[in-house]
Amino acid sequence: MERPVVSGTACDASGAKFTVVGISNTPTTDWAQVFRALAGTDLTLAGDVAALAADPGASAPGPGSAPGTAPGTASGHAERPGAAPAGPPRLSMTPPSVLNLNAYLMYAIGKAARRRLTERLAAHNLRLWHLTVMAMVADLGPQMKTLLAARLDMNSSDLVKIVNDLVRTGHVDCARDPGNRRRILVRLTPEGRAYLDLLNADIASTDDEVLAPLSASEREVLASLLRRVHHHLDPGPAGTVHHEPERFTEVLRNGSDEDGRIDWTRSAEEIAGFVEARRPLRPHAFTHHAGRRLDVLTATVSRGLYSGEPGHIRHHEDEGVVVVAGADHLGGGRPGLVLHRVRNEHGAEFRAEEYFTPGTTGGHDPR
């Protein structure tokens, strides 16, 4: 080993690849010994560094060779027709005992899923924060940067950088609030909305990769359970009703319990029609409030316009209990859903004004 520089590639236990470059200030460095030590860790070596680790007598590349190649070949290995690239077996593994820990499984699966999602976004020159900001603005409508940062639990200066990136690409713009000229709102542009739809369709294949062992019905069950756990850990602001985002369909026959769940990101007109369509069916249209299931028996579209997060409850002197619905794309508010009659999880029916008492979070819930 009389070469002061040697290079190759390696990957860690998660499969992430990176370049290995060894530089020495002496011409007699024993690179074979160095890389044999690395091979004893959870790194998987490839190329010349793998050859040096496996064979102490192997020669390092000559001065004219490209990094990662060995003399006489283009890849650093003797070519055999139809042979897979040679390399040491992967030694990393998960301790069997931790497979009984759900928290560990969610961490490990989440790490693998995040890596795949990050790679898919990188192909579009985007990061996960770019997708998250675009999705939040698409779901809730134009927002001030300070509010957007708070909702995403994100550092304000980092958010500004992400928004500036999206402005440069034409996916969002910043405009004055028509109702308050002192406020600047971040808005999704028509081009950004079309691009977000395209992006979501493209990265949806990540689900297929990660959940390949599961059938379609098993994936639905898993998704529902994960959303329940997510809501337990991140319940959202007080004074809101919430839902598990499901595909909105008008079910005209009895189906699963999930068929009646209200999606508050839909417009008030759609939700009012959905509530009416579910009246003769089981389950009725329903949501959750203060951790309890609540059936919505009758509801109409409000006359006034309301701003805020979808699912936020407003008490209006004339209209009664109004739930904010849909995305506020123009920043001027949108019709909400006026609740008239509701039923709690014990089967007791109430007028909405009786159940949602101003200043309380749970309403009346007799046992």
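So, here is what we can say about the structure in this document. (Residues numbered from 1 in each chain as written. Predicted model: local features only at pLDDT ≥ 70, side-chain atom pairs only at ≥ 80, totals over all residues. Heavy atoms only, no water.)

1. Observations regarding the overall build of the chain
Then comes step 1: Across its full length, the chain carries eleven helices and 13 strands.
Then comes step 2: Sorting the 367 residues of the chain into buried and exposed places 35% on the buried side.
Then comes step 3: Long-range contacts, defined here as pairs at least 24 residues apart, represent 51% of the contacts in the chain between residues at least 6 apart. (Helix = DSSP H or I, 4+ residues; strand = E, 2+ residues; numbered from the N terminus. Buried < 20%, exposed > 50% of the residue type's maximum accessible area, 1.4 Å probe, protein only. Contact = heavy atoms within 4.5 Å.)

2. Side note on the pairing of strand S12 (residues 334-344)
Then comes step 1: Of all eleven residues in S12, eight are buried, a share of seventy percent or more.
Then comes step 2: Both strand S9 (residues 292-306) and S12 contribute to a ladder of nine bridges, which runs antiparallel. Its bridge partner lying in S12, Thr 298 is registered against Arg 341.
Then comes step 3: Pairing between strand S11 (residues 320-323) and S12: two bridges, direction antiparallel. Bridged to Val 323 within S12 is Leu 337.
Then comes step 4: Relative to strand S13 (residues 349-351), S12 runs antiparallel, the two being bridged by three bridges. (Pairing = 2+ DSSP bridges.)

3. As for the packing of helix H4 (residues 128-140) against helix H6 (residues 156-168)
Then comes step 1: Relative orientation of the contacting elements H4 and H6 amounts to 80°, with a least axis distance of 10 Å. By the criterion of interaxial angle, the relationship of H4 to H6 is roughly perpendicular. Of H6, the residues touching H4 (which contributes Trp 129, His 130, Val 133 and Met 134) are Leu 159, Ile 162, Asp 165 and Leu 166.
Then comes step 2: Looking at the contact of H4 with H6, its residues break down into six nonpolar, one polar and one charged. (Axes fitted to C-alpha atoms, helices over the stretch in contact; angles between N-to-C directions. Parallel < 35°, antiparallel > 145°, perpendicular 65-115°, else oblique. Nonpolar A, V, L, I, M, F, W, Y, C, P; charged D, E, K, R; others polar.)

4. What to know about the packing of H4 against helix H7 (residues 190-203)
Working note: a packed helix pair is described by the angle between its axes plus the distance between those axes.
Then comes step 1: One can describe the packing of H4 onto H7 by two numbers: an axis separation of 11 Å at closest approach and a directional angle of 120°. With respect to each other, H4 and H7 are oriented oblique. With respect to the hand of their crossing, H4 and H7 are arranged in left-handed fashion. Within the contact between the two elements, H4 uses Leu 131, Met 134, Ala 135 and Ala 138 and H7 uses Gly 192, Arg 193, Tyr 195, Leu 196, Leu 199, Asn 200 and Ile 203. (Left-handed = near helix turned anticlockwise from the far one by under 90°.)

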